Amino acid sequence: MPSIKLRSVSNFILRNVNLEIMDGELFVLLGPTGSGKTTLLNVIAGLVEYKGNVFFDDKPIDMIPPEDRGVGYVPQDLVLFPHLDVASNVGYSLRLRKKPKTYIEERVDELLRMMGILHLKHRYIKNLSGGEKQRVAIARALASAPKVLLLDEPFNNLDPNTASYLRIKLRRLQRKLGITTIFVTHDMHEAEEMSDRVVVLYQGELQQVSTFDELIFSPRNSNVSNFIGTLNILTCEYKGTLGGLAICDCQGIPILVPFEGGFIRRIAIDPKEIFVVAEHADIPPPILTSLKELSQKSQKYQIR
Amino acid sequence: MGKFRKWTLMIPILLLLVVWETVARTNVMPSYLFPPFSRVIVTAYLLIANGVLLTHFLSSLIRVLVGFFLGSLTGITVGILMGCHDALNEALQPILSLLMPIPALDWLPLLMLWIGIGEALPITIIFICSFFPVLYNTATGIRGVPKEYIRVARTLGASREEVLKTILLPLALPSILTGLRLEAGMAWRVIIAAEMIAIPIGIGALLMASESLLRVDIIMVCLMVLAVMCFLFEKVFLLLERRYTKWR
């Protein structure tokens, strides 16, 4: 699978983007709405005009039309072909490449089995649920064994359980196939769960390329900080484990955190995840006076 | 249930025929002006037996088929070009907007002067009748396909020609077939009118001859043929629509 390089890429949204994505990496593209995430994918897929250069494995592909770039693309709204059934959608790229009929059938079955939707192969798209459509779209993008997989917020409109299940499935699949993947999202949890590395885009410009942890603990500028939100960073001292959780002393506050080995030196807590519990339901806790805004949910006070 | 329902749909038609027969036999109107249904059927049988109806019918049928086929084929071809090329669409759209509202029969005086009274006249009228609506429906159908489908098809390996063949035309097919269905019926209405005015042979010509001879029974036979042919032509395209657009 190729590495991807962008050199001085500019167009109506992007401004002088320089980026290098490693072979087999799952690279997450973060940024607010209108920051140019989808446009960046379209540049790599060859679907929009741009200045600058895009390289796959150090070979320029700027003059190569979209159909010959070897890219699998799952757009934000999936764009499954409504006039084709599931099997025909998945096998579309193979039919274009004039593959033998038996090969197409086997490959389609293999992909549908891998995505757990083999039983849906003869259904039309209108008869699928949101999660099923997502899986068909991913299977279709993988059918012709593309060199690069581009996923534009593919799990955007799914319920949290289905989205989480599909994220895990996609991550495993990506590791198994070793396919270079760019995953667009504006969801921090999704980025944390999926990424090898992340990039933050803001108004068409790259702000930071790093691991997710570096992004959280060392945001490079105010654009990044504003996007990820003001997190509470606490320095911690590891005290031991309890039932798979690490006990930490974080600046005098005892906190239990998921323990996956290694050292825990700092933790970041999203303000939205902090709840202040009142001893009596009708009496706000004393801490209230030092907070800007609280919302009461039964006996809990959520900091905004 | 399906067969039962089909038969129940026949009941209003049978009732109409019974009322027609009964009223005609009460001599509310003179029978030469309002013949009973049974007499119309006998007349139809005699017209078929002596070959008159077949001669006129075949003339009309051939004109409709040739004119409709050529008009639709040209309409679909130009519609595809307009649907795929923005510049061509922008160039032709004003002309289309001006010419399309003109009823096909309104071209008749001009065409009589330009091409004279002959077989080419009714075929040209049917051509015009089919061409504009089919062109409009084809171009609109293709232009109505969201651009995202084209983009995704391109990334999946489709060339521009393959996008047209595998995405644009199938997705525009419902619009094209609707246009063809409506114009298939319209072609029969127009050919009858054209034959009544300017052509000596055909169902329309037979209608006019019957009117001058006060043969209302023959007029009714001709109207029944027209009704059946409009129904059959529309039905064919309705079946095609159901068969090829069941994904909707």
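As the structure is a computational prediction, the values presented were derived from the model and not from experiment. (Residues numbered from 1 in each chain as written. Chains lettered and ligands numbered in written order. Predicted model: local features only at pLDDT ≥ 70, side-chain atom pairs only at ≥ 80, totals over all residues. Heavy atoms only, no water.)

Along the backbone of chain B there are 10 helices and 0 strands. When the elements of chain B are put in sequence order from the N terminus, they spell out α-α-α-α-α-α-α-α-α-α. A principal-axis box enclosing the C-alpha atoms of chain B has dimensions of 75 × 55 × 30 Å. Classification of the 248 residues of chain B by burial places 44% in the buried group. Within chain B, residue pairs in contact and separated by at least 24 positions form 72% of the contacts whose partners lie at least 6 positions apart. Within chain B, one finds 20 positive and 14 negative side-chain charges whose respective centroids are separated by 11 Å. (Helix = DSSP H or I, 4+ residues; strand = E, 2+ residues; numbered from the N terminus. Buried < 20%, exposed > 50% of the residue type's maximum accessible area, 1.4 Å probe, protein only. Contact = heavy atoms within 4.5 Å. Lys, Arg positive; Asp, Glu negative; His and termini not counted. Charge placed at Lys NZ, Arg CZ, Asp CG, Glu CD.)

The next thing to look at is the pairing of strand S4 (residues 51-56) of chain A. Residues and elements named next belong to chain A. Bridge count between strand S1 (residues 4-10) and S4: 5 bridges; the pairing is antiparallel. Of the residues in S4, the one forming a bridge with Leu6 is Val54. Of the pairings in the sheet, the one linking S4 to strand S5 (residues 59-60) comprises 2 bridges and is antiparallel in character. Bridging from a neighbouring strand, Phe55 pairs with Pro60 of S5. Where S4 folds back on S5, the antiparallel hairpin that results is connected by 2 residues, among which Asp57 adopts a positive phi of roughly 50 degrees. (Pairing = 2+ DSSP bridges.)

Residues and elements named next belong to chain A. Among the secondary structure elements, Val90 is positioned in helix H2 (residues 86-90). What makes Val90 buried here is its relative accessible area of 0%. Along the primary structure Val90 and Lys51 are separated by 39 residues, whereas in three dimensions their C-alpha atoms are 33 Å apart. If we ignore the near neighbours within four places in the chain, the residues touching Val90 are Val108, Leu111, Leu112, Val136, Ala139, Arg140 and Ala143.

Glancing now at the state of the cysteines. All names here are of chain A. Applying the stated criterion across every chain, the model contains 1 disulfide over all chains. The disulfide that involves Cys236 links it to Cys250, with 2.4 Å between the sulfurs. Judged by the sign of its S-S torsion, about 100 degrees, the bond between Cys236 and Cys250 is right-handed. Linking Cys236 in strand S11 (residues 232-242) with Cys250 in strand S12 (residues 245-250), this pair joins segments that are 14 residues apart in sequence. Note on Cys236: relative accessible area 14%, which makes it buried. A relative accessible area of 0% places Cys250 in the buried class. (Disulfide = S-S within 2.5 Å.)

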